[in-house]
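# Summary of the model geometry
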Amino acid sequence: MAGYTFYLESRNAGGPRLGLLVTRKHAARAVERNRIKRCLREAFRLEQERLGPLDVLVRPPYGVKPSAETIRRVRAIMASLNAA
């Protein structure tokens, strides 16, 4: 969905955990990579109560731009993870 790759692993107990895979291919400048990671963390923070005991590793598509739209897209994807 939208070029994002999610790797999921269920656990027996505990809260959800987030892993991020953002490399130089996503953005050459560290500042941009950090902004992408901030957007992903914010989307996770807003959805984490609904996820349960789940490990989530997120790899965004190459060329993604950090924005409010990015947060909305990732939140929608994480909400669908809960339904699955």
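Our structure's up above, just so we're on the same page.
Residues numbered from 1 in each chain as written. Predicted model: local features only at pLDDT ≥ 70, side-chain atom pairs only at ≥ 80, totals over all residues. Heavy atoms only, no water.

## Quick word on the pattern of salt bridges
Counting across every chain of the model gives 8 salt bridges. For Arg45, the salt bridge identified is with Glu42, shortest N-O distance 2.7 Å. Here Glu42 and Arg45 lie together in helix H1 (residues 30–51), a separation of 3 residues that amounts to about one turn. A salt bridge links Arg75 to Glu47; the nearest nitrogen and oxygen atoms lie 2.9 Å apart. With Arg75 in helix H2 (residues 68–83) and Glu47 in helix H1, the pair connects residues that are 28 residues apart, well separated along the chain. With a relative accessible area of 28%, Arg75 lands in the partly exposed category. A relative accessible area of 3% means that Glu47 is categorised as buried. Among the charged side chains, a network of salt bridges with common partners joins Arg11, Arg17 and Asp55. (Salt bridge = Lys/Arg side-chain N within 4 Å of Asp/Glu carboxyl O. Helix = DSSP H or I, 4+ residues; strand = E, 2+ residues; numbered from the N terminus. Buried < 20%, exposed > 50% of the residue type's maximum accessible area, 1.4 Å probe, protein only.)

## Quick notes on the packing of aromatic side chains
Scanning the model with the defined rule gives 0 aromatic pairs in all. The ring centre of Tyr62 lies 5.8 Å from the NZ or CZ of Arg59, which sits over that ring. (Phe/Tyr/Trp six-rings, centres within 6.5 Å; stacked < 30°, edge-to-face > 60°. Lys NZ or Arg CZ within 6 Å of the ring centre and 35° of its normal.)

## Notes on the sheet that holds strand S1 (residues 5–10)
With mixed pairing, 3 strands are arranged side by side in an open sheet as S1-S3-S2. The open sheet is flanked by S1 and strand S2 (17–20), the only strands paired with a single partner. In this sheet, neighbouring strand axes are inclined to one another by 15 degrees on average, regardless of whether the strands run parallel or antiparallel. Two strands pair when backbone bridges link them, and S1 and strand S3 (residues 54–59) are joined in this way by 6 bridges, in the antiparallel orientation. For Leu8, the partnering residue across the bridge sits in S3 and is Val56. Here H1 sits on the sheet in contact with S2 and S3, set at roughly 155 degrees to S2. (Pairing = 2+ DSSP bridges. Axes fitted to C-alpha atoms, helices over the stretch in contact; angles between N-to-C directions. Contact = heavy atoms within 4.5 Å.)

## Some details on H1
With 22 residues, H1 should reach 32 Å at 1.5 Å per residue; the first-to-last C-alpha distance of 29 Å fits that figure. At Arg45, H1 is deflected by roughly 40 degrees, the largest bend along its length. Taken together, the buried positions of H1 are occupied by Arg33, Ile36, Cys39, Leu40, Ala43, Phe44, Glu47 and Leu51. Immediately beyond the C-terminal end of H1, within one or two residues, lies Gly52, with a positive phi of roughly 75 degrees. (Expected span 1.5 Å × (residues − 1). Bend = angle between axes of the 7 residues up to and from the residue.)

## A short note on the side chain of Thr70
In this structure, Thr70 sits in helix H2. With relative accessibility at 6%, the residue Thr70 sits in the buried group.

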